[in-house]
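What the coordinates show
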Amino acid sequence: MTDTPTATIHALPEAPVLVRDDGFHPVEGEPTVSLPPDTDPATLGQYLNAPLIAVEFPAMTDGRGFSLARILRELGFAGRLRATGGLIADQYAMARRVGIDEVQISAALARRQPETQWLARADWRAWDHRSRLVG
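A brief structural summary. (Residues numbered from 1 in each chain as written. Predicted model: local features only at pLDDT ≥ 70, side-chain atom pairs only at ≥ 80, totals over all residues. Heavy atoms only, no water.)

Let us now look at the packing of aromatic side chains. For the structure on display, the rule yields two aromatic pairs. An angle of 75 degrees between the planes, with centres 5.8 Å apart, marks the rings of Y92 and W118 as edge-to-face. With Y92 in helix α2 (residues 92–97) and W118 in helix α4 (residues 115–119), this pair connects stretches of sequence that are 26 residues apart. Taking relative accessible area as the criterion, W118 reaches 1% and is therefore assigned buried. (Phe/Tyr/Trp six-rings, centres within 6.5 Å; stacked < 30°, edge-to-face > 60°. Helix = DSSP H or I, 4+ residues; strand = E, 2+ residues; numbered from the N terminus. Buried < 20%, exposed > 50% of the residue type's maximum accessible area, 1.4 Å probe, protein only.)

Pasting the structure below:
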């Protein structure tokens, strides 16, 4: 009987990850406020002095958070915007274009869509068709 090599099992971290333009980072800082997608845009002005706002995306098919982020930036919000919930790597360029600074993803999603997939969209200006139209 020959010895069959056995695979070494490594536990994968289960902590969520922050995606930024330079890769994956541990989650740091707690949002001052977390905005659900059905937040009334007329109420956003009260949050302009918050240092960190989370914009919730309950599903990757729910894009209302993109509008909330864009409106916050148009109102003059200068703090950090963090997307939470159901975003995928393909949506990272859009998130950056509307003013989102970072995306918090689950450890499971980070394993399915590794850092390289997110970084491929980090040059979000290259994905912005509107800027190409304007010149």
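So, about the environment of E102. Structurally, E102 can be placed in strand β6 (residues 102–105). Look at E102 and you get buried, because its relative accessible area is 1%. Along the primary structure E102 and F24 are separated by 78 residues, whereas in three dimensions their C-alpha atoms are 9.7 Å apart. Those residues in contact with E102, other than ones at most four positions away along the chain, are L18, V19, R20, L52, R80, L81, R82 and A83. A polar contact of 2.8 Å, which involves the side chain of E102, links it to the side chain of R80. (Contact = heavy atoms within 4.5 Å. Polar contact = N/O pair within 3.5 Å; in protein donor to acceptor, adjacent residues only side chain to side chain.)

A word on the pattern of salt bridges. Once their charged atoms are close, side chains differing in charge can pair, the charge on each being opposite to the other. Evaluated as defined, the whole model comprises ten salt bridges. One salt bridge in this structure joins E14 and R111, with 3.3 Å as the shortest N-O distance. Of the two residues, E14 sits in the segment before β1 (17–20) while R111 sits in helix α3 (residues 107–112), which places them 97 residues apart along the sequence. Notably, a salt bridge pairs D90 with R121, separated by 2.6 Å at the nearest N-O pair. Residue D90 is located in the loop between β5 (80–85) and α2, and its partner R121 is located in the loop between α4 and α5 (129–134); the two are separated by 31 residues in the primary sequence. One connected set of salt bridges, linked through shared partners, spans R20, E28, R80, R82 and E102. (Salt bridge = Lys/Arg side-chain N within 4 Å of Asp/Glu carboxyl O.)

A few words now on the sheet that holds β1. With mixed pairing, the six strands of this open sheet are ordered in space as β2-β1-β6-β5-β4-β3. A strand with exactly one partner marks an edge of an open sheet, and here the two such strands are β2 (23–26) and β3 (33–35). Across the sheet, the mean angle from the axis of one strand to that of its neighbour is 30 degrees, orientation sign disregarded. Summarising the sheet, β3 and strand β4 (residues 52–57) pair through three bridges and their orientation is parallel. Across the sheet, residue V33 finds its bridge partner in β4, namely I53. Contacting β3, β4 and β5, helix α1 (residues 64–74) crosses the sheet at an angle of about 155 degrees to β4. (Pairing = 2+ DSSP bridges. Axes fitted to C-alpha atoms, helices over the stretch in contact; angles between N-to-C directions.)

As paired strands, β4 and β5 are joined by six bridges and run parallel to one another. Bridge pairing links L52 to R80 in β5. With respect to chirality, the unit in which β4 leads through α1 into the neighbouring parallel β5 is right-handed. In the sheet, β5 pairs with β6 via three bridges, with the strands oriented parallel. From the neighbouring strand, R82 faces β6, where its bridge partner is E102. (Right-handed = clockwise from strand over helix to strand, strands pointing away.)

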